[in-house]
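Take a look at the letters that make up each chain.
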Amino acid sequence: QVQLVESGGGLAQPGGSLRLSCAASGTIFDNYVMGWYRQTPGTQRETVATVNSGGFTKYANSVLGRFTISRDNDNMQVYLQMNSLKLEDTAVYYCSVMFPLQGGARYWGQGTQVTVSS
């Protein structure tokens, strides 16, 4: 089992910044993909950014150049630095980890609200 706890959400103005953190605990396998996803009411959850155990990162086109995902392997934390926030970034942000070699087992955090408003 894996537990994921997100923090750092809140209210920001357009053009502002927020930093999300996700702490993972439990059984963490060496080969993983960790990432941030977001969801607004009535829509499907979408991928924001991911980083794998090799350090390879991927971003949604909508956040490319504004958001940066990073990780701390020693402490099993993943971060999402969000700059130049836009109104459309408002969503609940979820942290997730997936283990490709364990049948794609995936775990989710409880989510943290990010609201961008003037």
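Just above, that's the structure.
Residues numbered from 1 in each chain as written. Predicted model: local features only at pLDDT ≥ 70, side-chain atom pairs only at ≥ 80, totals over all residues. Heavy atoms only, no water.

1. Considerations on unusual backbone geometry
For step 1, the next point in the chain: In the Ramachandran plot, Met76 falls in the positive-phi region, its phi being about 50° despite a non-glycine side chain.
For step 2, the next point in the chain: Tracing the backbone through its elements, the reader meets Met76 in the loop between β7 (67–72) and β8 (77–82).
For step 3, the next point in the chain: Judged by its relative accessible area of 15%, Met76 falls in the buried class.
For step 4, the next point in the chain: We note that Ser84 has phi near 50°; this positive angle belongs to a residue other than glycine.
For step 5, the next point in the chain: You can see Ser84 is positioned in the loop between β8 and β9 (91–99).
For step 6, the next point in the chain: Judged by relative accessible area, which is 40%, Ser84 ranks as partly exposed. (Helix = DSSP H or I, 4+ residues; strand = E, 2+ residues; numbered from the N terminus. Buried < 20%, exposed > 50% of the residue type's maximum accessible area, 1.4 Å probe, protein only.)

2. Here's the deal with the side chain of Arg66
For step 1, the next point in the chain: On the secondary structure map, Arg66 appears in the loop between β6 (57–59) and β7.
For step 2, the next point in the chain: Apart from residues lying up to four places away in sequence, Arg66 is in contact with Gln81, Met82, Asn83, Ser84, Leu85, Lys86 and Asp89. (Contact = heavy atoms within 4.5 Å.)

3. Here we look at the state of the cysteines
Covalently bonding the sulfur atom of one cysteine to the sulfur atom of another cysteine gives a disulfide.
For step 1, the next point in the chain: For the structure shown, the criterion picks out 1 disulfide.
For step 2, the next point in the chain: Between the sulfur of Cys22 and that of Cys95 lies a disulfide, 2.1 Å long from S to S. On the sign convention where negative means left-handed, the S-S torsion of about -80° between Cys22 and Cys95 marks this disulfide as left-handed. With Cys22 in strand β3 (residues 18–26) and Cys95 in strand β9, the pair connects residues that are 73 residues apart, well separated along the chain. (Disulfide = S-S within 2.5 Å.)

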